[in-house]
Structures are given as C-alpha cells and as structure tokens.
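# Survey of secondary and tertiary structure
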Amino acid sequence: EVACLGTAIIFMPITPTAPFVCHLEFWAFAGPRFPWFVAYLLAQSIRMTVNQDREVWEHRAHLMPRNRVKGDYNWNKYDQWLKYFYSESSIGWDSPDLTW
C-alpha cells in the first residue's frame, strides 16, 4: 500500500510441472485510487524481471549442507514444509531418471 496512490497487489504462484520446468501465473490488482498506468508499468516491470530469472527459478536447488548466513531463516522448518508436497517415492535431484 502506498499512502498517496492506494493499494496494489501482485500474486504470482510458481508450480513445478516437470523436472526443471515451472508454470508461472501472474495476476496484478490495483485499487480504484491507484493510477492504472502506474499499476501497468509496475506489473510489466515485475513480469519482465521474473521472466528474465525464469531459468534460475526452474533450476534452483538446495543442496546439503546449506550455507547459512547471519539472519537466515531455519532450513529445518523449510524442509519440513517441503515434505508436505513430496513423498519418499518422488523424483529427487540426484535421480538418474528425470522423466515423468
């Protein structure tokens, strides 16, 4: 929320669809006081930046051991959260067969 412009919300879910391929959807919403051209430019700028980094998003990995820096969040909590989405039989990063 910007005090003089109003509210703008950008929602961007990223879902893996195949090994090293992500489906990305992008929605931008602006309140009635938010100037449409500013919202449009903001949305386009974010869309281009994310598209430019798509290869990084599709090939990111969290290899062990993880490098921690001061102020990092707890990786154990993140690992527990990830376990909700993957089973023991899921294809892993080190799997020789990455076909679905």
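That block above? That's the structure.
None of these values were measured; they are calculated from a predicted model. Within each chain, residues carry numbers counting from 1 in the order of the written sequence. Restriction of local features to residues with pLDDT of at least 70 applies here, the model being predicted, together with a cutoff of 80 or more for giving and counting side-chain atom pairs; totals for whole chains, interfaces and linings are based on all residues. Where side-chain values are given, they derive from all heavy atoms of the structure, hydrogens and water being excluded.

## Overview of a nonpolar patch on the surface
Patches in this entry comprise residues that are over 30% relatively accessible and not in a salt bridge; like charges within 9 Å are linked, as are nonpolar side chains (Val, Leu, Ile, Met, Phe, Trp, Tyr) within 5 Å. In this description, accessible areas are obtained by the Shrake-Rupley approach with a 1.4 Å probe, and a residue is regarded as covered only by the protein chains that are shown. We define a salt bridge as a contact between a side-chain nitrogen of Lys or Arg and a carboxyl oxygen of Asp or Glu at a distance within 4 Å. A surface patch of nonpolar side chains, about 430 Å² in accessible area, is lined by I9, F11, W27 and F29. Elements represented by at least two residues in the nonpolar patch include exactly strand 1 (8–11) and strand 4 (27–30). Helix and strand definitions follow DSSP, with helices as H or I runs of at least four residues and strands as E runs of at least two, each counted in order from the N terminus.

## Brief notes about the environment of L5
With respect to the helices, strands and loops of the structure, L5 is situated in the segment before strand 1. Placed 30 residues apart in sequence, L5 and P35 show a C-alpha to C-alpha distance of 7.0 Å. Whether two residues touch is decided by their heavy atoms; if any such pair falls within 4.5 Å, the residues are in contact. For L5, the contacting residues outside a window of four places in its chain are R33, F34, P35 and V38.

## Structural notes on the pairing of strand 2 (residues 14–18)
Strands are treated as partners if at least two bridges between them are detected by DSSP. The sheet contact formed by strand 2 and strand 3 (residues 21–24) spans four bridges and is antiparallel. For A18, the partnering residue across the bridge sits in strand 3 and is V21. What sits between the antiparallel neighbours strand 2 and strand 3 is a turn of two residues, in which F20 has the positive phi angle 65°.

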